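Examining the three-dimensional arrangement
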Amino acid sequence: MNLPFTEDTVIFGLLALCLGFVFYTSSIKKGFWKKFYAVIPTVLMCYLLPSILASTGIIDEKGSQTYYIASRYLLPAALILMTLSIDLKAIANLGSKALIMFLTGTIGIIIGGPLAILIVSIFSPETVGGAGFDAVWRGLATIAGSWIGGGANQAAMLEVFQFNQEKYGGMVLIDIVVANIWMAIILLGVGKTKKIDAWFKADTSSIEELKAKVSEHTAKIARVTSLHDFMMLLLFAFAGVGLAHFFGHHIAGFLEANFEIIRNKEKALSSLGSKFLWMVVVATVFGIGLSFTKAKNYEGAGASKIGGVFIYILVATIGMKMNLSAVFENPGLILIGLIWITIHALLLILVAKLIKAPFFFLAVGSQANVGGAASAPVVAAEFHPSLTSVGILLAVFGYVVGTGGAYLCALLMEVAASM
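Residues numbered from 1 in each chain as written. Predicted model: local features only at pLDDT ≥ 70, side-chain atom pairs only at ≥ 80, totals over all residues. Heavy atoms only, no water.

1. A closer look at the overall build of the chain
To be explicit about the condition: Runs of H or I in DSSP of at least four residues are treated as helices and runs of E of at least two as strands, each being numbered from the N terminus. Throughout this description, buried means an accessible area under 20% of the type-specific maximum (1.4 Å probe, protein chains only), exposed means over 50%, and partly exposed covers the range between. Note on definitions: a residue-residue contact is assigned when non-hydrogen atoms from the two residues lie within 4.5 Å. The protein chains shown are the only cover counted for residues, whose accessible areas, like all others here, come from Shrake-Rupley with a 1.4 Å probe.
Counting secondary structure elements, the chain contains 19 helices and zero strands. Counting over 419 residues, the chain shows a buried share of 51%. Here the analysis covers contacts within the chain between residues at least 6 apart in sequence; of these, 84% occur between residues at least 24 apart. Summing over all exposed atoms, the chain offers an accessible surface of approximately 18600 Å²; the carbon and sulfur share of this is 69%.

Here it is, written out as structure tokens:
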């Protein structure tokens, strides 16, 4: 056996083995594995195992096309499958307080990033420095993508701003560690919901109405998935990918040809000339467009679950490009993450107090941003199982606004880093 493995068929098989191992062991609800995953998040293991394969020389990712295929084909397909079920009317019907808390969480991330950079730069300017593709703000843009939308938006920001992937491991560490600390705090708050709601002076009657409505909707669309369903999902996903590539290429070409500021590669606005960015935007718009048709009912056939599979494949391919030693090169970045999430949390608490929003809306609105589709449903289910799809609904909305919100945050962070 000759190492490292260089054939993409073998590399992909090993990545699939890593993902299968993680999901199998994380499903064991007793003994060692239960304790292990209580400490180590599943998604972190999906990054780490492929990274270990590459770092130890078992696979050679340098000539591999697996990341390219996952980012160019599976990512836009995942965005389409995860947004085709979004019901904008249903989101509006959740009530203004739910949307206010979600958008407050988004704003908290957008302004929290640049504010954290400004604060840390006062006493440790080297922590937020870097030039070119090593610039810290470019790496932090990937965290903004993750904390507003999710893995798909994070990958989009990584590709758009071209952060040095060898240093990407440090950003993943901030993302996972800080986000899970905040999620743990929220879950602790679930057990004290009545006290928190009393302090907010919140009216929780709308939560009971939500439970009934969501339970009815979930039961209505659920079904056993057939071959016909899978083929239709294939149609939606990859016909949309084709359209996303076609229009993305032409939009980016038009902007580069007509605007000097976009041709200037030294500025963040140059990323508006990225074919990848417009591919992501078009794919998202296509998915939203499908949500206004009967295609949205294919969520009951598992559309978002298949999208989730694609995202985890992408996570694994990103993981194999990570340099584990980079995690410890700039430990000050953890401080940026903690300040960032604190700003997000304080803003949510302030607004919830002002508008007397139930803690449920604060918790799920926050996790729909920071945790995305992976944790928002988990947090929602802690309040009541029938509310799980509310977390999914808001998390999907996060995918919609994630790319734009993260992009704006990245521009502000570039300005803050240069001050």
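2. What about the pattern of salt bridges?
Rules: Within this document, salt bridges are pairs made up of a side-chain nitrogen of Lys or Arg and a carboxyl oxygen of Asp or Glu, the two lying within 4 Å of each other.
Scanning all chains against the criterion turns up two salt bridges. The shortest N-O distance in the salt bridge between R72 and E159 comes to 2.7 Å. Note that R72 is positioned in helix 4 (residues 66-83) and E159 in helix 8 (residues 151-161), a separation of 87 residues in sequence. R223 is the partner of D229 in a salt bridge, and the nearest nitrogen-oxygen pair spans 3.1 Å. Owing to a relative accessible area of 5%, D229 belongs among the buried residues under this scheme. The exposure class assigned to R223 is partly exposed, which follows from its relative accessible area of 34%.

3. A word on the packing of aromatic side chains
Ring pairs (aromatic) are described by centroid distance and by the angle formed between their planes. Condition: Two aromatic rings, drawn from Phe, Tyr or Trp (for Trp, its six-membered ring), form a pair once their centres lie within 6.5 Å of each other, and the interplanar angle then sorts them: stacked below 30 degrees, edge-to-face above 60, tilted otherwise. A ring is scored as having a charge over it whenever the NZ atom of a lysine or the CZ atom of an arginine sits within 6 Å of its centre and within 35 degrees of its normal.
A complete count under the given rule lists 17 aromatic pairs for this structure. When the ring of F21 is compared with that of W33, the centres are 5.6 Å apart and the planes differ by 85 degrees; the resulting orientation is edge-to-face. Here F21 is found in helix 1 (residues 8-26), whereas its partner W33 is found in helix 2 (residues 31-39), with 12 residues between them in sequence. Looking at W33, the relative accessible area reads 24%, which means it is partly exposed. Pairing W137 with F161 gives two aromatic rings, centres 5.5 Å apart and planes at 75 degrees, and the pair type is edge-to-face. With a gap of 24 residues between them, W137 in helix 7 (residues 136-148) and F161 in helix 8 connect regions that are remote in the sequence. In terms of burial, W137 and F161 fall into one category: buried. The ring of Y298 has R223 lying over it, and the distance from NZ or CZ to the ring centre is 5.1 Å.

4. Some remarks on a nonpolar patch on the surface
In plain terms, the rule: To count toward a patch, a residue needs a relative accessible area over 30% and no salt bridge; like charges are then connected within 9 Å, while nonpolar side chains (Val, Leu, Ile, Met, Phe, Trp, Tyr) are connected within 5 Å.
Residues I107, I111, L115, L118, I119, I122, F123, L335, V415 and M419 make up a contiguous nonpolar surface patch of roughly 940 Å² in combined accessible area. Tallying contributions element by element places helix 6 (residues 96-123) first for the nonpolar patch, with seven residues. Along the chain, the position of F123 falls in helix 6.

5. A short note on the nonpolar core
Stated precisely, the cut-off is as follows: As used in this record, nonpolar core signifies buried Ala, Val, Leu, Ile, Met, Phe, Trp, Tyr and Cys residues forming a set joined through side-chain atoms within 4.5 Å.
Membership of the largest hydrophobic core comes to 126 residues, with the highest contact counts inside it found for L140, W147, Y168, M171, W340 and F360. Considering every element that reaches this core, the biggest residue donor is helix 19 (residues 388-417), with 12 residues. When sequence neighbours within four positions are dropped, the list of residues in contact with W340 reads G108, I109, G112, G113, A116, L140, I143, A144, W147, C409 and M413.

6. Brief notes about helix 12 (residues 227-258)
The test is simple: To estimate how far a helix should reach, multiply one less than its number of residues by 1.5 Å.
With 32 residues, helix 12 extends 46 Å between its outermost C-alpha atoms, agreeing within 8% with the 46 Å of an ideal straight helix rising 1.5 Å per residue. Check the buried side of helix 12 and you find it contacts helix 4, helix 13 (260-263), helix 14 (275-290) and helix 15 (303-319).

7. Some remarks on unusual backbone geometry
Excluding glycine, residues mostly have negative phi values, and the peptide bonds linking residues are mostly trans. The backbone of Q162 shows a phi angle near 55 degrees, a positive value even though the residue is not glycine. Mapped onto the elements of the fold, Q162 is located in the loop between helix 8 and helix 9 (168-190). Overall, the relative accessible area of 36% leaves Q162 in the partly exposed class. Phi angles above zero are rare outside glycine, and K356 is one such case at about 60 degrees. Overall, K356 belongs to the partly exposed group, its relative accessible area being 41%.

8. Remarks on the packing of helix 4 against helix 14
The test is simple: A fitted line through C-alpha atoms serves as each axis, taken over the contacting stretch for helices, and the angle formed by two N-to-C directions is quoted from 0 to 180°. Note that the term roughly parallel is reserved for angles under 35 degrees, roughly antiparallel for angles over 145, roughly perpendicular for angles of 65 to 115, and oblique for everything else. Here is the rule for handedness: rotate from the far helix to the near one, and if that takes an anticlockwise turn smaller than a right angle the crossing is left-handed, while a clockwise turn gives right-handed. When residues are grouped by polarity, Ala, Val, Leu, Ile, Met, Phe, Trp, Tyr, Cys and Pro land in nonpolar, Asp, Glu, Lys and Arg in charged, and all others, Gly among them, in polar.
Taken N-terminus to C-terminus, the directions of helix 4 and helix 14 make an angle of 30 degrees; their axes are 7 Å apart at the nearest point. On the basis of their axis angle, the class for helix 4 and helix 14 is roughly parallel. Of the two possible hands of crossing, helix 4 and helix 14 adopt the one that is right-handed. Only F276, M279, V280, A283, T284, F286, G287, I288 and L290 of helix 14 make contact with helix 4, whose side of the interface consists of S71, R72, L75, P76, L79, I80 and T83. Its residues placed into classes, the contact of helix 4 with helix 14 shows 11 nonpolar, four polar and one charged.

9. Thoughts on the environment of M322
Here M322 shows up in the loop between helix 15 and helix 16 (332-355). The buried category is assigned to M322, whose relative accessible area is 5%. Other than its neighbours up to four places away in sequence, M322 contacts Y47, S51, S55, Q165, Y168, G169 and V172.

10. Quick word on the side chain of D175
Cut-off, in case you're wondering: Polar contact is defined as a pair of N or O atoms within 3.5 Å, subject to the rule that within protein one atom must be able to donate a hydrogen and the other to accept it, and that residues adjacent in sequence are counted only when both atoms are side-chain atoms.
Relative to the helices and strands, D175 resides in helix 9. Overall, the relative accessible area of 5% leaves D175 in the buried class. Of note is the side chain of D175, whose polar atom sits 2.9 Å from the side chain of S146. Reaching out from D175, the side chain makes a polar contact with the side chain of W147 at a distance of 2.9 Å. Beyond its immediate chain neighbours, meaning those up to four positions away, D175 contacts I143, S146, W147 and Q154.

11. Looking at the state of the cysteines
What counts here: Any pair of cysteine sulfurs within 2.5 Å is marked as a disulfide.
Applying the stated criterion to the full structure yields zero disulfides. Cysteine C46 is unpaired, with the sulfur of C18 as its nearest cysteine sulfur at 8.7 Å. Its relative accessible area of 2% is what places C46 among the buried residues.

12. Side note on the environment of W199
With respect to the helices and strands, W199 occurs in helix 10 (residues 193-200). For W199, a relative accessible area of 48% gives the class partly exposed. Each C-alpha atom of the pair W199 and P358 lies 9.8 Å from the other, and the pair is 159 residues apart in sequence. W199 has contacts with I349 and K353, leaving out every residue within four places of it along the chain.

Honestly, it's all geometry; don't read function into it.
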